[in-house]
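Chain residues, written in single-letter form:
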Amino acid sequence: VHLTVVDAAITVVATSSCFHGEWRSQQGWARHQYCVVGTLSDSKPVPMMMDPSTEGRFTCQVSAGHRQMEDVAGGWGDFFQVAVDGDILQAFYPEAGLAEVAGQIIVRQPDGAGSANRFLLRVAEPSTAVNICLDLNAEDRRKTVTWSLAALPQLMDVR
């Protein structure tokens, strides 16, 4: 077995009389996969894709509003975190309890311990399309995870 580390690039070569294998670490943004995990997908990971025009910015569109909210504000909602490589113990989550308004609460980085803290997507109607964004380049940690209603498609005027 031969291990080489050069500028954080790792190569492992294993050789025997009947086997030869070589493994290389991935570099750049491709080394991790990010996904949304929560009630909006029955805890199944929803993959995020990197924005081709902005490295380090990952997005996905989800259908929100699977649970009727029974608090004073009402409406429909879903809870979520953003997990790294599908591991909920390595997730981005709000620093304080429940974050309902995007960009107002500091987002904690993955720490290996996980958290019960969640983001809340509250919408007026069930099955509302929402865009979720993970921006690993955000200077303001409140902007690391944000969400917004998806744009409605343009309707054709048939008159």
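Presented here is a report on the structure given in the accompanying data block. Note that the structure is predicted; figures quoted are calculated from it, not measured.

Procedures and definitions
Residues numbered from 1 in each chain as written. Predicted model: local features only at pLDDT ≥ 70, side-chain atom pairs only at ≥ 80, totals over all residues. Heavy atoms only, no water. 1 Å grid on protein atoms, 1.4 Å probe; cavity = no way out; pocket = protein on both sides within 12 Å on 5 of 7 lines; lining within 4 Å. Points joined across faces, edges and corners; volume = space filled by probe spheres on them. Nonpolar A, V, L, I, M, F, W, Y, C, P; charged D, E, K, R; others polar. Pairing = 2+ DSSP bridges. Helix = DSSP H or I, 4+ residues; strand = E, 2+ residues; numbered from the N terminus. Core = buried A, V, L, I, M, F, W, Y, C linked by side-chain atoms within 4.5 Å. Buried < 20%, exposed > 50% of the residue type's maximum accessible area, 1.4 Å probe, protein only. Contact = heavy atoms within 4.5 Å. Polar contact = N/O pair within 3.5 Å; in protein donor to acceptor, adjacent residues only side chain to side chain.

It is worth spelling out empty space enclosed by the protein at this point. The final tally for this structure, using the stated rule, is one cavity of 30 Å³ or more. Lining the largest cavity, in full, are Ala99, Val101, Ala102, Gly103, Gln104, Ile105, Val107, Phe119, Arg142, Val145 and Trp147. A breakdown of the residues in the lining of the largest cavity according to their chemical character gives eight nonpolar, two polar and one charged.

The subject of this paragraph is the sheet that holds strand S14 (residues 128-135). A sheet is described by the order of its strands in space; here four strands give the open sequence S6-S7-S14-S15, paired in antiparallel fashion. The open sheet has two edge strands, strand S6 (49-50) and strand S15 (145-149), and neither has a second partner. Of the pairings in the sheet, the one linking S6 to strand S7 (residues 57-64) comprises two bridges and is antiparallel in character. From the neighbouring strand, Met49 faces S7, where its bridge partner is Thr59.

Think of a ball as big as a water molecule: rolled over the atoms, this probe shows where empty space is left. One number sums up the size of the largest pocket: a volume of about 170 Å³. What lines the largest pocket is a set of 13 residues, and nearest its centre among them are His32, Gln33, Tyr34, Met48 and Met49. Elements that contribute at least two residues to the lining of the largest pocket include exactly strand S4 (34-38) and S6. Per-class residue counts for the lining of the largest pocket are nine nonpolar, three polar and one charged.

This next bit is on the nonpolar core. Counting residues in each nonpolar core, the largest one holds 23 residues, and the members touching the most others are Val36, Met48, Phe80, Val82, Leu121, Ile132 and Val145. Elements that contribute at least two residues to this core include exactly S4, S7, strand S9 (76-84), strand S13 (118-123), S14 and S15. Among the elements that line this core, the one with the most residues is S7, at four residues. Those residues in contact with Phe80 that lie beyond four places of it in its chain are Val36, Val37, Gly38, Leu40, Arg118, Phe119, Leu121, Ile132, Val145 and Trp147.

Another point: the side chain of Gln81. Locating Gln81 in the fold gives a position in strand S9. With relative accessibility at 0%, the residue Gln81 sits in the buried group. A polar contact of 2.9 Å, which involves the side chain of Gln81, links it to the backbone oxygen of Ser115. Engagement of the side chain of Gln81 in a polar contact is seen with the backbone oxygen of Asn117, the distance being 2.7 Å. Beyond its immediate stretch of four places on either side in the chain, Gln81 contacts Cys35, Val36, Val37, Ile88, Ala91, Phe92, Tyr93, Ser115, Asn117, Arg118 and Phe119.

When you line up the elements, Val13 lands in strand S2 (residues 9-15). Among the residues examined, Val13 registers a relative accessible area of 18% and is labelled buried. With 20 residues separating them in the primary sequence, Val13 and Gln33 have C-alpha atoms 25 Å apart. Residue contacts for Val13: discarding those within four places in its chain leaves Val1, His2, His20, Gly21 and Glu22.

Don't take any of this as a statement about function, it's just geometry.
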